[in-house]
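Survey of secondary and tertiary structure
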Amino acid sequence: MIKLINLTKMYRGLRAVDDINLEVREGIIHGFLGPNGAGKTTTIKMMAGVLKPTAGQIIINGMDLAKQPSEVKACTGFIPDRPFIYEKLTGSEFLHFIAGLYRLDHHPALVKRVTALLELFELIHWADELVESYSHGMKQRLIMCAALLHQPKVLIVDEPMVGLDPKGARLVKDIFREEAAQGTTIFMSTHSLEVAQEVCQEIAIIQAGRIIATGTAKDLQKKAGVDGNLENIFLKLTEGKRLAHAKPLSSA
Amino acid sequence: MVIVGFAFWGLMFLLSTRVLLYFQSVEVIGDLLAHHLLSMVFLTFFSLLIFSNIITALSNLYLSKDLETCHASPALLEEVFVSRSIYTVADSSWMVIVFGLPILMAYAYVYRPGPAYYADLIHMALAVIIIAAGLGIVFTMILVSLFPAQRTKDLIMLLSIFIIVGLYLMFRFLRPERLVDPDTFFSVTQYVSALKAPDSPYLPTYWITEMLWASLSKGQGETRLFYAVLMWSTASAVVVINIWVARAIYFTGFSKAQEAKRRRGGKKILDLFIHLFRRPLGDDLASIVEKEIRTFFRDNTQWSQLLLLGALVVVYLYNFSVLPLDMSPVRLEFLQNEIAFLNMGLAGFVLSAVSVRFIFPAVSSEGGAFWILQSSPLSVRRYLWGKYAFYVPAMLCLGEVLIIATNHLLDVTPFMMILSAITMFMAVFGIVAMGMGFGAIYPKFEYQNIAQVATGFGGLMYMIFSALFMGLIIVLEAGPVYIIFMAHVKGAPITPMEWLFIIPCFFMVLVIIAFAVYKPMKIGLEALSQYE
């Protein structure tokens, strides 16, 4: 469903994403982990069509993103890490705006779908309020509604849990599992190893722009040569070190 | 930008010098005119400073994102307040200083005062700035203590626009140009009383005017000392009062400003209006247009600019209605049509000025939400041309209203009416395309206020190219228009040689317009497609 072929992104001589190759099958929730600055968001943005790769190919649903961008984006939903949306629209107007972009405006079931999504994400009572009055978490949930509105085949998600309360986080995990069960492929970057362990069927770890490990949690365990949870595996693979216990600064 | 700034300074200085030299040549009342002008300049700048400080203080003291860090730090409330106030003063005053200095230097150039003038100017201007800032800041603090800061911002923006529009219209309808034509007054007494400045001895503007005038007219030193003490004691009092008021109400107001704004969108009227646009466009473009219209009318800082635009159009037309054409030694019919021809350039410039405020920021107005369009199936090409198609009809209406109405007021020949209407019709396509294109080449998605987008390098480039575009059209059409007009006046047919000149000129105009539509949009499209 998703194929990244020799994908590279350079910024002024710096290889933010360095020749990565990755394949994700249909209906899988694929986690994308890595330390800060590893290249996760850059990769995600290239897949969403927000950034242009320096080299390589992105194939989604059998179509090359560079050659058929509109067709690929029509079957893709993107949830970014920061919920910047149009503040002067109401929640309902924003979803209708998204429906228009995906040419769903005259779809007979659109109004029902909008209402259903707003109810699902517990935003129905805020549907006629301007987005500028929404909290960060509410905006994040509204963006999720927007990403699911056109029933995408592929969902690309960058840090979905940021700003969500525990109830919201549980809701999102449940929705992702349901979508995957219905055949939607979900490619998700996250800092939360618990979420990755709980939800993701396959995981890729990126560091300094390169994929250093990929597979199921068991595969990664074998590769790392450690037992235990994903945190230990992750830290071993990325050679994470605990901070030395620093002495407190003495006051003057 | 620096060169343009200096050029503007030079122009302001030259114009001011010219006016003052003219006043000096007017016997008896020349100095009175100069004194009156100086008073008006200070009164205007003082008013602008107060408004500017009100708006800037609201942002710097209540809405700025780094204020949370400041108030959470161990710094005293007074320290935070004073530091932000100093920043407010600097932020809101620099433009008034930039615009005012050439005028005040022109006075120095014409009247050749001693060094005391410059010393007085510096310290008295500083005191005026402090007083204006103090008044603006204390007004803001009181307003915010009564209303939530977000609501206060909208109120102040709206109020400012209404007052500026009102002052602008009032100033124009007072017809100050009569002051340079004493023949319009029956007697000297009537004329002199018309010169009396709307000023009061209790205002700082009166003190600085009198003090500087004393230096300019080489007056007595005692007056200067009196006004200096008055000014600085008032400035000190204003600072102290500000700190007292800040201690009492500033933090309460800041705390209130953290409340989120909750407002429902007004739908029904906009729905009707939007329905008109949906049909000719596809779903995706119709959604973009709908979003633009809703956002525009729900953002007070955007739609209130229409008030300024309305005032601009009214004054523009009014200027033409009061042109003293009958006083010109040149033949009337020739003059009317010559003005109508040059008016095309002026109207084109007005449209460019409107475009830089509304069309140039059209791409940037997506703000941080631009990723939505980048990740959607809507192509950049369709997006940019779709927005272009949306703005063209509005600008066509404005352009044609300006041209046809002014030509009607000038009572021009049918040929000139048709020529200028058609020229403006076609030029609008180029002006809008350049606005969209340059806006896409120089997008600014991170902004505090959409009005900031037009004031950068991209906006300046657009205005320059737009002026060049209109200038080229005028130059190319000037020759053929002259030939056609003179043929009409003489009652003689246009010769074949003359047609050989006329046709290529008009053809070149078409080529330039087509180029002005195609090239900026093409470059803008490429730039936006590559945007990261």
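Residues numbered from 1 in each chain as written. Chains lettered and ligands numbered in written order. Predicted model: local features only at pLDDT ≥ 70, side-chain atom pairs only at ≥ 80, totals over all residues.

1. Brief notes about the overall build of chain A
When its secondary structure is counted, chain A shows 9 helices and 10 strands. Rg of the C-alpha trace for chain A: 19 Å, near the compact-globule value of 18 Å for 252 residues, within the 12% margin. Its C-alpha atoms give chain A principal-axis dimensions of about 55 × 55 × 40 Å. By the burial criterion, 47% of the 252 residues in chain A qualify as buried. Here the analysis covers contacts within chain A between residues at least 6 apart in sequence; of these, 68% occur between residues at least 24 apart. (Helix = DSSP H or I, 4+ residues; strand = E, 2+ residues; numbered from the N terminus. Rg over C-alpha atoms; globule rule 2.2 N^0.38 Å. Buried ≥ 20, exposed ≤ 12 C-beta atoms within 10 Å, placed from the backbone. Contact = placed C-beta atoms within 7 Å.)

2. Remarks on the pairing of strand 1 (residues 2-11) of chain A
By the bridge criterion, 7 bridges tie strand 1 of chain A to strand 2 (residues 14-24) of chain A in an arrangement that is antiparallel. By the bridge assignment, L7(A) is partnered in strand 2 of chain A with I20(A). (Pairing = 2+ DSSP bridges.)

3. So, the sheet that holds strand 2 of chain A
Residues and elements named next belong to chain A. Pairing in this open sheet of 4 strands is antiparallel, and the strands run 2-1-4-5 from one edge to the other. This sheet does not close on itself; its edge strands, each paired only once, are strand 2 and strand 5 (63-64). Bridge count between strand 4 (residues 55-60) and strand 5: 2 bridges; the pairing is antiparallel. Note on strand 5: the bridge partner recorded for I60 is M63.

4. Re the sheet that holds strand 9 (residues 202-207) of chain A
All names here are of chain A. Read from one edge of the open sheet, 6 strands run 6-7-8-3-9-10, paired in mixed fashion. Every interior strand has two partners, whereas the edge strands, strand 6 (76-79) and strand 10 (210-215), have only one. When the angles between neighbouring strand axes are averaged without regard to direction, this sheet yields 15 degrees. Each of strand 9 and strand 10 is contacted by helix 8 (residues 217-224), which is oriented at about 120 degrees to strand 10, the strand it contacts most. Strand contacts of helix 9 (residues 230-238): strand 3 (29-33), strand 9 and strand 10, with the helix running at about 35 degrees to strand 9, the strand carrying the most contacts. (Axes fitted to C-alpha atoms, helices over the stretch in contact; angles between N-to-C directions.)

5. Some points on the interface of chain B and chain A
Contacts between chain B and chain A engage 29 residues on the former and 29 residues on the latter. Only helix 11 (283-298) and helix 15 (370-374) of chain B provide two or more residues apiece to the side of chain B that touches chain A. Element by element, the count of residues in the side of chain B that touches chain A is highest for helix 11 of chain B, at 9 residues. Within the side of chain B that touches chain A, the residues separate by chemical class into 7 nonpolar, 10 polar and 12 charged. (Nonpolar A, V, L, I, M, F, W, Y, C, P; charged D, E, K, R; others polar.)

6. So, the nonpolar core
As a rule of thumb, soluble globular proteins bury nonpolar side chains together. Counting 139 residues, the largest nonpolar core has F94(A), L142(A), C145(A) and F187(A) as its most contacted members. Looking at which element gives the most residues to this core, the answer is helix 17 (residues 414-441) of chain B, with 12 residues. Setting aside chain neighbours within four positions, we find F94(A) in contact with I85(A), Y86(A), L89(A), V131(A), L142(A) and A146(A). If you look at the next biggest cluster of nonpolar residues, it comprises 49 residues, including Y62(B), A125(B), L216(B) and A235(B). (Core = buried A, V, L, I, M, F, W, Y, C linked by C-beta atoms within 7 Å.)

7. Comments concerning the domain arrangement of chain A
Residue and element names in this part refer to chain A. In terms of domain boundaries, chain A breaks down into domain 1 (1-75 + 154-168 + 184-240) and domain 2 (83-151). When each unit is reduced to the centre of its C-alpha atoms, the spacing between domain 1 and domain 2 is 26 Å. Contacts between the two partners involve 7 residues from domain 1 and, on the opposite side, 6 residues from domain 2. Taken together, the residues that form the side of domain 1 that touches domain 2 break down as 4 nonpolar, 2 polar and 1 charged. (Domains from an automatic or database assignment.)

8. Description of the confidence of the model for chain A
The pLDDT averaged across chain A works out to 88; a share of 94% of its residues lies at or above 70. Below pLDDT 50 for its whole length, residues 241-252 of chain A participates in 0 contacts with residues either more than four positions away or in separate chains. (pLDDT = per-residue confidence, 0-100.)

9. Considerations on the confidence of the model for chain B
Looking at chain B as a whole, its pLDDT mean stands at 82, while 80% of the residues score no less than 70. Reported for the predicted complex are a pTM of 0.74 and an ipTM of 0.87.

10. Let's talk about the packing of helix 4 (residues 77-111) of chain B against helix 5 (residues 115-146) of chain B
All names here are of chain B. Running from N to C, helix 4 and helix 5 cross one another at 140 degrees; their axes reach a closest spacing of 10 Å. For the pair helix 4 and helix 5, the crossing hand works out as right-handed. Together, S85, T88, V89, S92, S93, L104 and A108 of helix 4 and Y117, L121, I129, I130, A133 and I137 of helix 5 make up the contact between the two elements. Partitioned by chemical class, the residues of the contact of helix 4 with helix 5 number 9 nonpolar, 4 polar and no charged. (Left-handed = near helix turned anticlockwise from the far one by under 90°.)

11. A few points about unusual backbone geometry
Residue and element names in this part refer to chain A. With a phi close to 55 degrees, D19 is a non-glycine residue in the positive phi region. Checked against the element boundaries, D19 lands in strand 2. If you check the backbone angles, E122 has positive phi at about 60 degrees while not being a glycine. Of note, E122 is situated in the loop between helix 4 (110-120) and helix 5 (136-149). Overall, E122 belongs to the partly exposed group, with 13 C-beta atoms counted inside 10 Å.

12. Some thoughts on helix 1 (residues 40-48) of chain A
All names here are of chain A. Among the 9 residues in helix 1, 9 count as buried, and that is most of the element. Residues K40, T41, T42, T43, I44, K45, M46, M47 and A48 constitute the buried set of helix 1. A positive backbone phi angle near 85 degrees is found at G49, which sits one or two residues after helix 1.

13. A word on the packing of helix 3 (residues 91-101) of chain A against helix 5 of chain A
The description of two helices packed together rests on the angle between their axes and the distance between the axes. All names here are of chain A. For the pair helix 3 and helix 5, the least separation of the axes is 9 Å and the interaxial angle reads 30 degrees. Viewed along their axes, helix 3 and helix 5 adopt a mutual orientation that is roughly parallel. Helix-helix and strand crossings are classified by hand; for helix 3 and helix 5 the assignment is right-handed. Counting all contacts with helix 3, which are made through G91, F94, L95, I98 and A99, the residues of helix 5 involved are L142, C145, A146 and L149. The class makeup of the residues in the contact of helix 3 with helix 5 is 8 nonpolar, 1 polar and no charged. (Parallel < 35°, antiparallel > 145°, perpendicular 65-115°, else oblique.)

14. Regarding the pairing of strand 4 of chain A
Residue and element names in this part refer to chain A. Of the pairings in the sheet, the one linking strand 1 to strand 4 comprises 5 bridges and is antiparallel in character. Residue pairing in the sheet places T8 in a bridge with A55 of strand 4. The loop that links strand 4 with its antiparallel partner strand 5 comprises 2 residues; one of these, N61, has a positive phi angle of about 55 degrees.

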